[in-house]
Amino acid sequence: MTVTIAPAAPQDVAQLRQLYFDVYGHGYPVALGSDPEEMRRLIADPHTHWLTARHEGAGHLAGSVAVQTDPGSRIGKLVGLAVHPEQRGGGLAGRLTAEVCGDAFATGALDSIYATVRVVTPGPQQVFARNGFQALGLLPNAVEVAGCESLALFARHADGVLALREGVDQVPGSLLPLLEAARQSTGLEYGHPRALDVPALPAGQTAPVTAPMELITARGFVRRRFLELFPDPGERFFPLHVPNAVLTPPDGAFEAYADLDPVAASCSLVAVHPSPAAVTGALEPLMAAVTRAGADYVETLLPLSDTAGLGAFLAAGFIPSAVYPAMRRIGDRFHDYVVLSRTSRQIDFRTTAVSGPLQPYLLAYLTAWTSTYLPLPEVAP
(Lines give C-alpha, C1' and ligand atoms only; values in the text may rest on other atoms or scores of the structure.)
Protein backbone atom coordinates (compact mmCIF):
# COMPACT_ATOMS: atom_id res chain seq x y z
CA MET A 1 0.00 0.00 0.00
CA THR A 2 1.09 3.59 -0.63
CA VAL A 3 2.37 5.50 2.39
CA THR A 4 1.47 9.18 2.60
CA ILE A 5 3.55 11.50 4.79
CA ALA A 6 1.85 14.73 5.83
CA PRO A 7 1.89 17.28 8.66
CA ALA A 8 0.06 16.22 11.80
CA ALA A 9 -3.38 17.75 12.33
CA PRO A 10 -5.50 18.15 15.48
CA GLN A 11 -7.82 15.36 14.33
CA ASP A 12 -4.84 12.97 14.37
CA VAL A 13 -4.35 13.18 18.16
CA ALA A 14 -6.39 10.09 19.04
CA GLN A 15 -4.61 7.93 16.45
CA LEU A 16 -1.22 9.36 17.47
CA ARG A 17 -1.85 8.36 21.08
CA GLN A 18 -2.81 4.89 19.90
CA LEU A 19 0.36 4.66 17.80
CA TYR A 20 2.61 5.49 20.76
CA PHE A 21 0.70 3.04 22.93
CA ASP A 22 1.13 0.30 20.29
CA VAL A 23 4.87 1.02 20.19
CA TYR A 24 5.63 1.67 23.87
CA GLY A 25 2.64 0.44 25.85
CA HIS A 26 2.00 2.52 28.96
CA GLY A 27 5.70 3.29 29.36
CA TYR A 28 6.11 6.30 27.03
CA PRO A 29 7.34 9.14 29.29
CA VAL A 30 6.94 12.04 26.81
CA ALA A 31 3.87 14.28 26.74
CA LEU A 32 4.16 14.49 22.95
CA GLY A 33 2.75 10.98 22.69
CA SER A 34 0.53 10.75 25.75
CA ASP A 35 -1.00 14.12 26.73
CA PRO A 36 -3.79 15.20 24.31
CA GLU A 37 -3.66 18.85 25.36
CA GLU A 38 0.10 19.07 24.91
CA MET A 39 -0.13 17.24 21.59
CA ARG A 40 -2.66 19.72 20.23
CA ARG A 41 -0.47 22.59 21.44
CA LEU A 42 2.57 21.19 19.66
CA ILE A 43 0.68 20.57 16.43
CA ALA A 44 -0.29 24.26 16.41
CA ASP A 45 3.16 25.46 17.56
CA PRO A 46 5.07 27.22 14.73
CA HIS A 47 8.35 25.95 16.23
CA THR A 48 7.32 22.28 15.99
CA HIS A 49 7.25 20.42 12.67
CA TRP A 50 5.30 17.17 13.16
CA LEU A 51 4.85 14.60 10.40
CA THR A 52 2.66 11.51 10.26
CA ALA A 53 2.75 8.53 7.92
CA ARG A 54 -0.42 6.75 6.89
CA HIS A 55 -1.16 3.76 4.68
CA GLU A 56 -4.10 4.46 2.43
CA GLY A 57 -7.11 2.59 3.69
CA ALA A 58 -5.48 1.59 7.00
CA GLY A 59 -7.32 2.27 10.22
CA HIS A 60 -4.25 3.43 12.12
CA LEU A 61 -1.21 5.62 11.60
CA ALA A 62 1.91 3.91 10.31
CA GLY A 63 4.42 6.35 11.83
CA SER A 64 5.17 9.70 13.41
CA VAL A 65 8.10 12.05 13.99
CA ALA A 66 8.62 15.68 15.00
CA VAL A 67 11.37 18.29 15.18
CA GLN A 68 11.02 20.87 17.93
CA THR A 69 13.14 23.97 17.42
CA ASP A 70 14.62 26.56 19.74
CA PRO A 71 14.83 29.67 17.54
CA GLY A 72 17.15 31.52 19.92
CA SER A 73 19.79 28.80 19.82
CA ARG A 74 19.21 27.65 16.20
CA ILE A 75 18.99 24.05 17.45
CA GLY A 76 16.30 21.46 16.83
CA LYS A 77 15.50 18.20 18.57
CA LEU A 78 14.06 15.22 16.72
CA VAL A 79 11.51 13.55 18.99
CA GLY A 80 8.77 10.97 18.87
CA LEU A 81 10.07 8.82 16.02
CA ALA A 82 7.76 5.81 16.04
CA VAL A 83 6.74 3.21 13.46
CA HIS A 84 3.81 0.89 14.05
CA PRO A 85 4.98 -2.67 14.81
CA GLU A 86 3.17 -3.96 11.71
CA GLN A 87 5.08 -1.55 9.44
CA ARG A 88 8.65 -2.12 10.61
CA GLY A 89 11.38 -3.31 8.30
CA GLY A 90 10.24 -1.34 5.26
CA GLY A 91 12.41 1.75 5.71
CA LEU A 92 9.63 4.00 6.97
CA ALA A 93 11.63 5.22 9.99
CA GLY A 94 14.43 6.35 7.71
CA ARG A 95 12.03 8.04 5.33
CA LEU A 96 10.31 9.94 8.15
CA THR A 97 13.69 11.02 9.55
CA ALA A 98 14.93 12.20 6.17
CA GLU A 99 11.80 14.21 5.41
CA VAL A 100 11.44 15.92 8.78
CA CYS A 101 15.15 16.87 8.85
CA GLY A 102 15.11 18.03 5.24
CA ASP A 103 12.14 20.28 5.98
CA ALA A 104 13.75 21.66 9.15
CA PHE A 105 17.12 22.48 7.57
CA ALA A 106 15.47 23.93 4.46
CA THR A 107 14.21 26.87 6.51
CA GLY A 108 17.79 28.05 7.10
CA ALA A 109 16.92 28.64 10.76
CA LEU A 110 18.84 25.68 12.23
CA ASP A 111 22.53 24.93 12.65
CA SER A 112 22.01 21.43 14.05
CA ILE A 113 19.41 18.86 15.05
CA TYR A 114 19.98 16.37 17.83
CA ALA A 115 18.21 13.27 19.06
CA THR A 116 18.44 10.96 22.05
CA VAL A 117 18.23 7.43 20.70
CA ARG A 118 17.26 4.19 22.43
CA VAL A 119 19.95 1.53 22.51
CA VAL A 120 17.88 -1.53 23.38
CA THR A 121 18.21 -2.53 19.71
CA PRO A 122 20.64 -1.38 16.98
CA GLY A 123 17.86 -0.38 14.57
CA PRO A 124 17.27 3.22 15.75
CA GLN A 125 21.02 3.92 15.76
CA GLN A 126 21.28 2.74 12.16
CA VAL A 127 18.36 4.91 11.08
CA PHE A 128 20.06 8.03 12.36
CA ALA A 129 23.51 7.11 11.06
CA ARG A 130 22.06 6.59 7.55
CA ASN A 131 20.49 10.05 7.73
CA GLY A 132 23.69 11.98 8.40
CA PHE A 133 23.64 11.96 12.20
CA GLN A 134 26.87 11.38 14.12
CA ALA A 135 27.12 9.59 17.46
CA LEU A 136 28.17 12.04 20.19
CA GLY A 137 27.99 10.01 23.38
CA LEU A 138 26.20 7.63 25.71
CA LEU A 139 23.79 8.61 28.52
CA PRO A 140 23.47 5.65 30.95
CA ASN A 141 20.17 5.26 32.84
CA ALA A 142 18.86 8.42 31.20
CA VAL A 143 15.15 7.62 31.08
CA GLU A 144 12.40 5.43 32.47
CA VAL A 145 10.65 3.66 29.57
CA ALA A 146 8.98 0.52 30.92
CA GLY A 147 12.19 0.14 32.89
CA CYS A 148 15.42 2.08 33.18
CA GLU A 149 17.09 2.63 29.79
CA SER A 150 20.26 4.21 28.50
CA LEU A 151 20.20 6.57 25.53
CA ALA A 152 22.69 7.66 22.89
CA LEU A 153 23.14 11.25 21.76
CA PHE A 154 23.23 11.82 17.99
CA ALA A 155 23.35 15.09 16.03
CA ARG A 156 23.36 16.30 12.44
CA HIS A 157 24.74 19.69 11.41
CA ALA A 158 23.89 22.07 8.61
CA ASP A 159 26.43 22.36 5.80
CA GLY A 160 29.56 24.33 6.74
CA VAL A 161 28.86 24.56 10.47
CA LEU A 162 31.50 22.10 11.67
CA ALA A 163 34.22 23.96 9.75
CA LEU A 164 33.67 27.02 11.97
CA ARG A 165 34.30 25.42 15.36
CA GLU A 166 36.28 27.33 17.98
CA GLY A 167 39.07 25.31 19.60
CA VAL A 168 40.08 25.14 23.26
CA ASP A 169 43.62 24.96 24.61
CA GLN A 170 42.97 23.38 28.02
CA VAL A 171 40.39 21.04 29.59
CA PRO A 172 40.12 19.02 32.81
CA GLY A 173 42.24 15.91 32.33
CA SER A 174 39.32 13.51 32.84
CA LEU A 175 37.69 14.84 29.65
CA LEU A 176 40.50 13.61 27.41
CA PRO A 177 39.13 10.04 26.97
CA LEU A 178 35.78 11.48 25.84
CA LEU A 179 37.44 13.78 23.31
CA GLU A 180 39.48 10.89 21.95
CA ALA A 181 36.32 8.80 21.67
CA ALA A 182 34.65 11.62 19.74
CA ARG A 183 37.61 11.83 17.37
CA GLN A 184 37.47 8.09 16.72
CA SER A 185 33.70 8.08 16.18
CA THR A 186 33.17 11.27 14.16
CA GLY A 187 36.58 12.01 12.66
CA LEU A 188 36.44 15.54 14.08
CA GLU A 189 39.62 16.93 15.58
CA TYR A 190 39.75 18.47 19.05
CA GLY A 191 43.38 19.56 18.84
CA HIS A 192 45.69 18.74 21.70
CA PRO A 193 44.31 20.63 24.71
CA ARG A 194 46.43 20.74 27.83
CA ALA A 195 45.09 18.60 30.69
CA LEU A 196 44.32 20.57 33.85
CA ASP A 197 44.05 19.35 37.44
CA VAL A 198 40.93 21.04 38.78
CA PRO A 199 40.66 21.39 42.60
CA ALA A 200 37.78 19.56 44.25
CA LEU A 201 36.88 22.65 46.33
CA PRO A 202 37.17 26.36 45.49
CA ALA A 203 39.84 28.49 47.13
CA GLY A 204 38.98 29.21 50.74
CA GLN A 205 36.47 26.35 51.13
CA THR A 206 37.81 23.67 53.43
CA ALA A 207 34.88 21.23 53.54
CA PRO A 208 31.95 20.20 51.34
CA VAL A 209 28.50 21.66 51.99
CA THR A 210 26.32 19.26 53.98
CA ALA A 211 23.22 21.36 54.72
CA PRO A 212 20.05 19.92 53.11
CA MET A 213 19.04 21.60 49.87
CA GLU A 214 15.72 23.43 49.58
CA LEU A 215 13.66 22.46 46.52
CA ILE A 216 11.01 24.85 45.17
CA THR A 217 8.68 23.50 42.47
CA ALA A 218 6.27 26.42 42.05
CA ARG A 219 6.46 26.51 38.23
CA GLY A 220 5.35 30.10 37.69
CA PHE A 221 7.62 31.50 40.40
CA VAL A 222 10.59 29.48 39.18
CA ARG A 223 10.10 30.71 35.63
CA ARG A 224 9.83 34.38 36.69
CA ARG A 225 12.83 34.16 39.00
CA PHE A 226 14.88 32.40 36.32
CA LEU A 227 14.23 35.16 33.79
CA GLU A 228 15.03 37.83 36.38
CA LEU A 229 18.42 36.30 37.16
CA PHE A 230 19.21 35.42 33.53
CA PRO A 231 17.74 38.22 31.40
CA ASP A 232 20.32 37.60 28.67
CA PRO A 233 19.39 34.50 26.61
CA GLY A 234 23.09 33.80 26.20
CA GLU A 235 23.39 33.19 29.94
CA ARG A 236 20.70 30.50 30.00
CA PHE A 237 21.87 28.28 27.16
CA PHE A 238 20.24 24.87 27.48
CA PRO A 239 18.17 24.44 24.30
CA LEU A 240 14.62 23.11 24.58
CA HIS A 241 14.72 22.89 28.38
CA VAL A 242 12.69 25.18 30.64
CA PRO A 243 13.28 24.99 34.40
CA ASN A 244 10.37 24.03 36.62
CA ALA A 245 12.29 23.77 39.91
CA VAL A 246 15.02 25.61 41.79
CA LEU A 247 17.40 24.20 44.40
CA THR A 248 19.20 26.39 46.88
CA PRO A 249 21.05 25.98 50.19
CA PRO A 250 19.55 27.63 53.27
CA ASP A 251 22.02 30.53 53.06
CA GLY A 252 21.06 31.25 49.42
CA ALA A 253 24.68 31.03 48.25
CA PHE A 254 23.50 29.83 44.84
CA GLU A 255 20.34 28.93 42.95
CA ALA A 256 20.37 25.88 40.68
CA TYR A 257 17.56 25.82 38.11
CA ALA A 258 16.36 22.40 36.96
CA ASP A 259 14.02 20.79 34.46
CA LEU A 260 12.73 18.02 36.71
CA ASP A 261 10.73 15.16 35.21
CA PRO A 262 9.72 12.51 37.79
CA VAL A 263 7.78 10.54 35.14
CA ALA A 264 10.98 9.94 33.15
CA ALA A 265 12.99 9.82 36.43
CA SER A 266 15.37 12.42 35.01
CA CYS A 267 16.55 15.95 35.72
CA SER A 268 18.47 18.51 33.69
CA LEU A 269 20.36 21.21 35.59
CA VAL A 270 19.74 24.13 33.27
CA ALA A 271 21.67 26.96 34.92
CA VAL A 272 23.28 28.00 38.19
CA HIS A 273 23.37 31.53 39.60
CA PRO A 274 25.84 33.16 39.99
CA SER A 275 27.85 30.56 37.99
CA PRO A 276 28.13 26.77 37.53
CA ALA A 277 31.24 26.76 39.70
CA ALA A 278 29.15 28.08 42.62
CA VAL A 279 27.87 24.55 43.29
CA THR A 280 31.38 23.26 43.93
CA GLY A 281 31.29 21.24 47.14
CA ALA A 282 27.48 21.36 47.34
CA LEU A 283 26.41 18.84 44.71
CA GLU A 284 25.97 15.92 47.14
CA PRO A 285 23.03 17.50 49.03
CA LEU A 286 21.70 18.80 45.72
CA MET A 287 21.74 15.27 44.28
CA ALA A 288 20.03 13.97 47.42
CA ALA A 289 17.21 16.50 47.00
CA VAL A 290 16.75 15.66 43.32
CA THR A 291 16.69 11.93 44.08
CA ARG A 292 14.01 12.43 46.74
CA ALA A 293 11.98 14.28 44.10
CA GLY A 294 11.99 11.19 41.87
CA ALA A 295 14.95 11.69 39.50
CA ASP A 296 17.54 8.91 39.36
CA TYR A 297 19.42 10.52 36.46
CA VAL A 298 20.82 14.06 36.43
CA GLU A 299 22.64 15.80 33.60
CA THR A 300 24.06 19.22 32.90
CA LEU A 301 25.45 20.99 29.83
CA LEU A 302 28.57 23.16 29.94
CA PRO A 303 30.94 24.75 27.42
CA LEU A 304 34.06 22.72 26.75
CA SER A 305 35.97 25.90 27.61
CA ASP A 306 34.43 26.27 31.11
CA THR A 307 37.10 24.47 33.11
CA ALA A 308 35.86 25.76 36.49
CA GLY A 309 32.26 24.67 35.89
CA LEU A 310 33.31 21.32 34.47
CA GLY A 311 35.64 20.78 37.43
CA ALA A 312 32.83 21.41 39.92
CA PHE A 313 30.66 18.67 38.47
CA LEU A 314 33.50 16.24 37.84
CA ALA A 315 34.57 16.56 41.47
CA ALA A 316 31.04 15.59 42.53
CA GLY A 317 31.00 12.33 40.61
CA PHE A 318 29.48 13.50 37.33
CA ILE A 319 30.82 11.57 34.34
CA PRO A 320 31.63 13.20 30.97
CA SER A 321 29.10 11.40 28.79
CA ALA A 322 28.89 13.22 25.45
CA VAL A 323 30.46 16.09 23.56
CA TYR A 324 28.32 18.17 21.17
CA PRO A 325 30.55 19.88 18.56
CA ALA A 326 29.56 23.30 17.22
CA MET A 327 26.52 23.40 19.47
CA ARG A 328 26.37 27.13 20.07
CA ARG A 329 26.87 29.97 17.61
CA ILE A 330 28.56 33.08 19.00
CA GLY A 331 29.22 35.62 16.29
CA ASP A 332 30.58 33.75 13.30
CA ARG A 333 32.09 30.87 15.28
CA PHE A 334 30.67 27.74 16.92
CA HIS A 335 31.51 26.40 20.36
CA ASP A 336 31.58 22.81 21.64
CA TYR A 337 29.62 21.71 24.73
CA VAL A 338 29.92 18.75 27.09
CA VAL A 339 27.12 16.70 28.65
CA LEU A 340 27.96 15.44 32.14
CA SER A 341 25.68 12.97 33.88
CA ARG A 342 25.26 11.14 37.14
CA THR A 343 22.93 8.29 38.02
CA SER A 344 21.95 6.89 41.40
CA ARG A 345 20.99 3.51 39.92
CA GLN A 346 23.28 0.63 39.16
CA ILE A 347 24.33 0.75 35.51
CA ASP A 348 23.74 -2.41 33.51
CA PHE A 349 25.00 -2.39 29.93
CA ARG A 350 24.04 -6.01 29.30
CA THR A 351 20.73 -4.96 27.74
CA THR A 352 22.25 -2.36 25.38
CA ALA A 353 23.07 -2.86 21.71
CA VAL A 354 25.96 -0.44 21.20
CA SER A 355 26.78 0.05 17.51
CA GLY A 356 30.28 0.68 16.15
CA PRO A 357 30.12 4.51 16.31
CA LEU A 358 29.10 4.29 19.99
CA GLN A 359 31.76 1.79 21.07
CA PRO A 360 34.47 4.43 21.75
CA TYR A 361 32.05 6.34 23.97
CA LEU A 362 31.19 3.23 25.96
CA LEU A 363 34.88 2.61 26.62
CA ALA A 364 35.45 6.27 27.53
CA TYR A 365 32.50 6.23 29.92
CA LEU A 366 33.71 3.07 31.60
CA THR A 367 37.20 4.57 31.96
CA ALA A 368 35.82 7.76 33.53
CA TRP A 369 33.39 5.89 35.79
CA THR A 370 36.09 3.53 37.01
CA SER A 371 38.55 6.32 37.79
CA THR A 372 35.81 8.21 39.66
CA TYR A 373 34.18 5.44 41.65
CA LEU A 374 36.78 2.65 41.71
CA PRO A 375 40.13 4.35 42.37
CA LEU A 376 43.05 1.98 42.57
CA PRO A 377 44.13 1.41 46.19
CA GLU A 378 47.51 2.65 47.21
CA VAL A 379 50.01 -0.12 47.64
CA ALA A 380 52.77 0.37 50.17
CA PRO A 381 56.29 -0.25 48.80
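Residues numbered from 1 in each chain as written. Predicted model: local features only at pLDDT ≥ 70, side-chain atom pairs only at ≥ 80, totals over all residues. Heavy atoms only, no water.

Side note on helix 1 (residues 13-24)
Taking 1.5 Å per residue, twelve residues should reach 16 Å; helix 1 reaches 16 Å between its end C-alpha atoms and fits that length. Here helix 1 has its buried residues at Val 13, Leu 16, Leu 19, Tyr 20, Val 23 and Tyr 24. Down the axis of helix 1, the smallest arc covering the buried residues is 115°, so these residues share one side. Looking at the buried residues of helix 1, the elements they touch are helix 2 (36-44), strand 2 (48-55), strand 3 (61-70), strand 4 (75-83) and strand 5 (112-118). (Helix = DSSP H or I, 4+ residues; strand = E, 2+ residues; numbered from the N terminus. Expected span 1.5 Å × (residues − 1). Buried < 20%, exposed > 50% of the residue type's maximum accessible area, 1.4 Å probe, protein only. Arc of directions from axis to C-beta. Contact = heavy atoms within 4.5 Å.)

Some details on the pairing of strand 15 (residues 319-330)
Counting buried residues in strand 15 gives ten out of twelve residues, a clear majority hidden from the surface. Bridge analysis of strand 15 against strand 16 (residues 333-343) gives eight bridges, and the strand direction is antiparallel. Each residue of the ladder has a partner; that of Arg 329, found in strand 16, is Phe 334. Where strand 15 folds back onto strand 16 in an antiparallel hairpin, the turn is made up of two residues, including Gly 331, whose phi is positive at roughly 65°. (Pairing = 2+ DSSP bridges.)

Focus: the packing of aromatic side chains
Applying the stated criterion across every chain yields a total of ten aromatic pairs. A ring pair is formed by Phe 226 and Phe 230, whose centres lie 5.2 Å apart and whose planes are at 45°; its orientation type is tilted. The same class applies to Phe 226 as to Phe 230, namely buried. Taken together, a centroid distance of 4.9 Å and an interplanar angle of 45° make the contact between Phe 237 and Tyr 337 tilted. Taken together, the positions of Phe 237 in the loop between helix 6 (219-229) and strand 11 (245-248) and Tyr 337 in strand 16 put the pair 100 residues apart, joining distant regions of the chain. Residues Phe 237 and Tyr 337 agree in their burial class; the two are buried. Among the aromatic residues, those joined into a cluster by ring pairs are Phe 128, Phe 133 and Phe 154. In this structure, Arg 165 is placed above the aromatic ring of Tyr 190, and the distance from its NZ or CZ to the ring centre is 4.6 Å. (Phe/Tyr/Trp six-rings, centres within 6.5 Å; stacked < 30°, edge-to-face > 60°. Lys NZ or Arg CZ within 6 Å of the ring centre and 35° of its normal.)

Some points on the side chain of Ser 355
When you line up the elements, Ser 355 lands in the loop between strand 16 and helix 9 (359-373). Residue class for Ser 355 comes out buried when judged on its relative accessible area of 18%. In terms of polar contacts, Ser 355 uses its side chain to reach the side chain of Gln 125, at 2.7 Å. (Polar contact = N/O pair within 3.5 Å; in protein donor to acceptor, adjacent residues only side chain to side chain.)

Re the environment of Ala 158
Summarising the element assignment, Ala 158 is placed in the loop between strand 7 (148-157) and strand 8 (170-172). Spatially, the C-alpha atom of Ala 158 lies 8.5 Å from that of Ile 113, the residues being 45 residues apart in sequence. Setting aside its immediate chain neighbours within four residues, Ala 158 contacts Phe 105, Leu 110 and Asp 111.

Description of the nonpolar core
Counting 77 residues, the largest nonpolar core has Leu 78 and Leu 286 as its most contacted members. Here this core gets six residues from one element, more than from any other, and that element is helix 3 (residues 92-106). Look past the residues within four positions of Leu 286 in its chain and what remains in contact with it is Met 213, Leu 247, Phe 254, Ala 256 and Leu 269. In terms of nonpolar packing, the next biggest core, distinct from the first, is built from 45 residues, Ile 43, Leu 61, Ala 66 and Leu 229 among them. (Core = buried A, V, L, I, M, F, W, Y, C linked by side-chain atoms within 4.5 Å.)

Examining the layout of surface pockets
Estimates place the volume of the second largest pocket at around 280 Å³. Lining of the second largest pocket is provided by 22 residues; of these, Glu 235, Val 270, Ala 271, Pro 276 and Leu 302 occupy positions nearest its centre. Per-element tally for the lining of the second largest pocket: the top contributor is strand 13 (residues 266-273), with five residues. A class-by-class count of the residues in the lining of the second largest pocket yields 14 nonpolar, four polar and four charged. (1 Å grid on protein atoms, 1.4 Å probe; cavity = no way out; pocket = protein on both sides within 12 Å on 5 of 7 lines; lining within 4 Å. Points joined across faces, edges and corners; volume = space filled by probe spheres on them. Nonpolar A, V, L, I, M, F, W, Y, C, P; charged D, E, K, R; others polar.)

Some remarks on the packing of helix 5 (residues 176-186) against helix 9
Put simply, helix 5 and helix 9 touch, their axes get as near as 8 Å, and they point 175° apart. Taken together, the axes of helix 5 and helix 9 lie roughly antiparallel to each other. Residue-level contacts link Pro 177, Leu 178, Ala 181, Ala 182, Gln 184, Ser 185 and Thr 186 of helix 5 to Pro 360, Tyr 361, Ala 364 and Thr 367 of helix 9. Each residue belonging to the contact of helix 5 with helix 9 can be placed in one class, and the counts come to seven nonpolar, four polar and no charged. (Axes fitted to C-alpha atoms, helices over the stretch in contact; angles between N-to-C directions. Parallel < 35°, antiparallel > 145°, perpendicular 65-115°, else oblique.)

What to know about the state of the cysteines
Going through the model one piece at a time under the given rule, you end up with zero disulfides. Cysteine Cys 148 remains unbridged, with the sulfur of Cys 267 as its closest cysteine sulfur at 15 Å. A relative accessible area of 31% places Cys 148 in the partly exposed class. When its relative accessible area of 1% is taken as the criterion, Cys 267 is described as buried. (Disulfide = S-S within 2.5 Å.)

Some thoughts on the environment of Gly 76
Among the secondary structure elements, Gly 76 is positioned in strand 4. Overall, the relative accessible area of 0% leaves Gly 76 in the buried class. Setting aside residues up to four positions removed in sequence, Gly 76 forms contacts with Val 67, Gln 68, Thr 69, Leu 110, Ser 112, Ile 113, Tyr 114 and Leu 240.

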